[in-house]
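# Coordinate inspection notes
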Amino acid sequence: MEKYVIRGGAKLSGEVVVSGAKNAVVAIIPATILSDEPCVIENIPNISDVTITLQIMQEMGAKIRMLNKTTVEIDPRSLMNMSIPYEKAKLMRATTYFLGTLLGRFHSAHVSMPGGCNLGDRPIDQHLKCFSALGAQCEIDGGMINLRADKLVGNQIFFDKNSVGATINGIMAAVKAEGLTVIENAAKEPHVVDLANCLNSMGADIIGAGTDVIKIRGVRELHGTTYSVIPDQIEAGTFMAAAAATRSNILIRNVIPKHLEPITNKLLKIGVQVEQYDDAVRVIGGDNYVGTTIKTQPHPGFPTDMQPQMSAVLTCAKGASMVTESIFDNRFRYVDELRRMGANISVEGRVAVIEGVERLKGAPVKSTDLRAGAALIVAALSAEGTSEIYDIFHVERGYENMEIKLRGLGADIRKINEPDPVSDPVVKKAI
Ligand code: EPZ
């Protein structure tokens, strides 16, 4: 079982390069199934969610060839298997994207209900609403989502709930449908725009991505492309939070500053300095921060995927801060772990109130999900003493070489592999 061991207090310095966006690439790789020719996708991050997605594609019959560490060639022409079993689908949420792409290409899909971070209730009713509107029969049988359509015909779709996944699935199911599809109340996240740009580079006809209304005019076929994935704004934001928490001065390269605006604005508000360049930001931590309010919202609001990391920074801001999680109904599971480090946080439903303390103290803690793990790293880097962070497989789903990048900035962090105490024969016998 691997863990991070972090000795807090080290100032970070120098610069770090952000990798390709996880939430864009886990949609763009399945989207290549819609192409009639091989596609080359560049700037892919080396994270387990990408490894799993490529493995799924390969097991379905697509030909996968890594051209270098961050570039993959995908030839979907030999793909013949339309189903994804539970043991693969349970590993991540993004396997739902195979529903939209297989339906869009083959008018058939059989994908197990998805896994992913445990953030509370994560239904897929908006995804199914979209597929039905395009003419698909949807049924859930034995944990499998089965879709079938004689043909797909464009339609008007209004999402009752603003959903990144349903928007992405809707786009992929509609790109080869007959006629015009209009998606209203669409998600506007940068990775939705990145997917639409990639599909348009393959010959799709999508306009309005990044706004509330996306129009997709169906085309008969899609050709190959060479497409480079956008930088990961949440990875960039996580390093911004790490710089803020450790009161450091670092340069974060390979970013799109516009994508970071909601994060930058909140850091400026509490007393962090942020300098923006064309494709980089410099973050200069301050001596004292003031508490603030955070309310997560769909883009361009404050991103829910930065809520835990920002809360970790606010644990040592002067005064009280209030954090409202309006996207998911249970995204405060990391709070108990921060309390072990001395944080003073009370949670009532979707609202957390953080009373600033002088400094956190290192402790053994557990990552409960991907961004919770990132928050614990941010907290441990600034804490007094040493922390051990367990269940780091969550973190490695979405952050490429996290400990190497942090060590490169001067952090005292090591990744240690130790036998899982529960698998120890003595312990096994005792429990
Ligand atoms: C995507 O999840 C991201 N995952 C999440 O990132 C991110 O937190 C989330 O979007 C919001 O930005 C990927 O892109 C792989 P949603 P997704 O559909 O698509 C409800 C991370 O840390 N909803 O926008 O699952 C849902 O329950 C991960 O990188 C319905 O009610 O999120 C939630 O409350 C975590 N019905 C809200 O909408 C539906 O059919 C937003 O969910 C779909 C969603």
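Residues numbered from 1 in each chain as written. Predicted model: local features only at pLDDT ≥ 70, side-chain atom pairs only at ≥ 80, totals over all residues. Heavy atoms only, no water.

Glancing now at the overall build of the chain. Each helix and strand in the chain was counted, giving 15 helices and 24 strands. Over its C-alpha atoms the chain spans a radius of gyration of 22 Å, differing by no more than 12% from the 22 Å that the globule rule assigns to 431 residues. Principal-axis analysis of the C-alpha atoms places the extent of the chain at approximately 65 × 55 × 45 Å. Buried positions account for 57% of the 431 residues belonging to the chain. Partitioning the intrachain contacts of the chain with sequence separation of at least 6 by distance along the chain shows that 72% fall at a separation of at least 24. Accessible surface computed for the chain: about 16,800 Å², of which carbon and sulfur atoms make up 50%. Charged side chains in the chain number 46 positive and 49 negative. The centres of these two groups are separated by 2 Å. (Helix = DSSP H or I, 4+ residues; strand = E, 2+ residues; numbered from the N terminus. Rg over C-alpha atoms; globule rule 2.2 N^0.38 Å. Buried < 20%, exposed > 50% of the residue type's maximum accessible area, 1.4 Å probe, protein only. Contact = heavy atoms within 4.5 Å. Areas by Shrake-Rupley, 256 points an atom, 1.4 Å probe, with all protein chains shown as cover. Lys, Arg positive; Asp, Glu negative; His and termini not counted. Charge placed at Lys NZ, Arg CZ, Asp CG, Glu CD.)

Taken together, the four strands give an open sheet; going across it, the order is β2-β15-β17-β16, and neighbouring strands pair in mixed fashion. Of all strands in the sheet, those with a lone pairing partner are β2 (13-17) and β16 (273-276), marking the two edges. Averaged over neighbouring strand pairs, the angle between their axes works out to 20° when direction is ignored. One ladder, built from five bridges, connects β2 with strand β15 (residues 249-253); its direction is parallel. Each residue of the ladder has a partner; that of Val-16, found in β15, is Ile-252. In this fold helix α8 (residues 233-245) packs onto β2, β15, β16 and β17 (280-284), with an angle of close to 175° to the strand it touches most, β15. Lying over the sheet, helix α9 (residues 257-270) contacts β16 and β17, oriented at roughly 160° with respect to β16. (Pairing = 2+ DSSP bridges. Axes fitted to C-alpha atoms, helices over the stretch in contact; angles between N-to-C directions.)

We now examine the sheet that holds strand β4 (residues 63-68). Where strands meet in a sheet, backbone hydrogen bonds hold them as pairs that are either parallel or antiparallel. The sheet built from four strands is open, its strands ordered β4-β5-β3-β14 with mixed pairing. Every other strand in the sheet has two partners, leaving β4 and β14 (226-228) as the edge strands with one partner each. If you compare each strand with its neighbour and ignore which way they point, the axes differ by 20° on average. Alignment of strand β3 (residues 39-42) against strand β5 (residues 71-75), held across three bridges, turns out to be antiparallel. Paired with Cys-39 across the bridge in β5 is Ile-74. Here helix α7 (residues 190-201) sits on the sheet in contact with β3 and β14, set at roughly 165° to β14.

Of all hydrophobic cores here, the largest spans 75 residues; its most connected members are Ile-41, Phe-98, Ile-171, Val-175, Leu-195, Leu-199 and Ile-206. Broken down by element, this core gets its largest block of residues, seven residues, from helix α1 (residues 22-31). Ile-171 has contacts with Ile-183, Val-192, Leu-195, Leu-199, Ile-206, Ile-214 and Ile-216, leaving out every residue within four places of it along the chain. Counting residues in hydrophobic clusters, the runner-up holds 71 residues, among them Phe-239, Ile-270, Val-272 and Ala-411. (Core = buried A, V, L, I, M, F, W, Y, C linked by side-chain atoms within 4.5 Å.)

With that settled, the discussion passes to the pattern of salt bridges. When their charged atoms lie close together, side chains carrying opposite charge are able to pair. Here the structure, examined in full by the defined rule, presents 19 salt bridges. Between Asp-49 and Arg-397 there is a salt bridge whose closest N-O contact spans 2.8 Å. Here the residue Asp-49 occupies a position in helix α2 (residues 48-59), and Arg-397 occupies one in helix α13 (residues 393-398), the gap between them amounting to 348 residues. Using a relative accessible area of 1% as the deciding quantity, one classes Asp-49 as buried. Here the salt bridges do not stand alone but share partners, grouping Lys-3, Glu-388 and Glu-418 into one network. (Salt bridge = Lys/Arg side-chain N within 4 Å of Asp/Glu carboxyl O.)

Let us look at the site of the ligand. Around the ligand, the surrounding shell holds 24 residues, and the nearest of these are Asp-125, Gln-126, Ser-163, Asp-305 and Ile-327. Taking Val-164, its main chain carries an N or O atom lying 2.8 Å from an oxygen atom of the ligand. Between Gly-165 and the ligand, the recorded distance is 2.8 Å, taken from a backbone N or O atom to an oxygen atom. Out of a free accessible area of 830 Å², the ligand has 93% covered by protein chains. If you list the elements that add at least two residues to the shell around the ligand, you get α1, α5 (125-133), α6 (164-174) and α12 (370-382). When residues of the shell around the ligand are assigned to their parent elements, the largest contribution, three residues, is made by α5. Residues belonging to the shell around the ligand are distributed by class as follows: eight nonpolar, seven polar and nine charged. (Near = heavy atom within 4 Å. Polar contact = N/O pair within 3.5 Å; in protein donor to acceptor, adjacent residues only side chain to side chain. Nonpolar A, V, L, I, M, F, W, Y, C, P; charged D, E, K, R; others polar.)

Below, the discussion takes up the pairing of β4. As judged from the five bridges shared by β4 and β5, these two strands associate in the antiparallel manner. By the bridge assignment, Ile-64 is partnered in β5 with Ile-74. Here β4 folds back onto β5, and the loop between the two strands holds two residues.

Its location among the elements puts Gln-273 in strand β16. For Gln-273 and Thr-101, which are 172 residues apart along the polypeptide, the C-alpha to C-alpha distance reads 43 Å. In contact with Gln-273, other than residues within four places in its own chain, are Leu-268, Arg-282, Val-283 and Ile-284.

Turning to the packing of helix α4 (residues 97-106) against α6, a few remarks are in order. When two helices pack together, their arrangement is given by the angle between the helix axes and the distance between those axes. Direction vectors running N to C along α4 and α6 enclose 15°, while the axes themselves pass 7 Å from each other. Classified by the angle their axes make, α4 and α6 are roughly parallel. The handedness of the crossing between α4 and α6 is right-handed. In contact with Tyr-97, Leu-99, Gly-100, Thr-101, Leu-103 and Gly-104 of α4, α6 contributes Val-164, Gly-165, Ile-168, Asn-169, Met-172 and Ala-173. Broken down by class, the residue content of the contact of α4 with α6 amounts to seven nonpolar, five polar and no charged. (Parallel < 35°, antiparallel > 145°, perpendicular 65-115°, else oblique. Left-handed = near helix turned anticlockwise from the far one by under 90°.)

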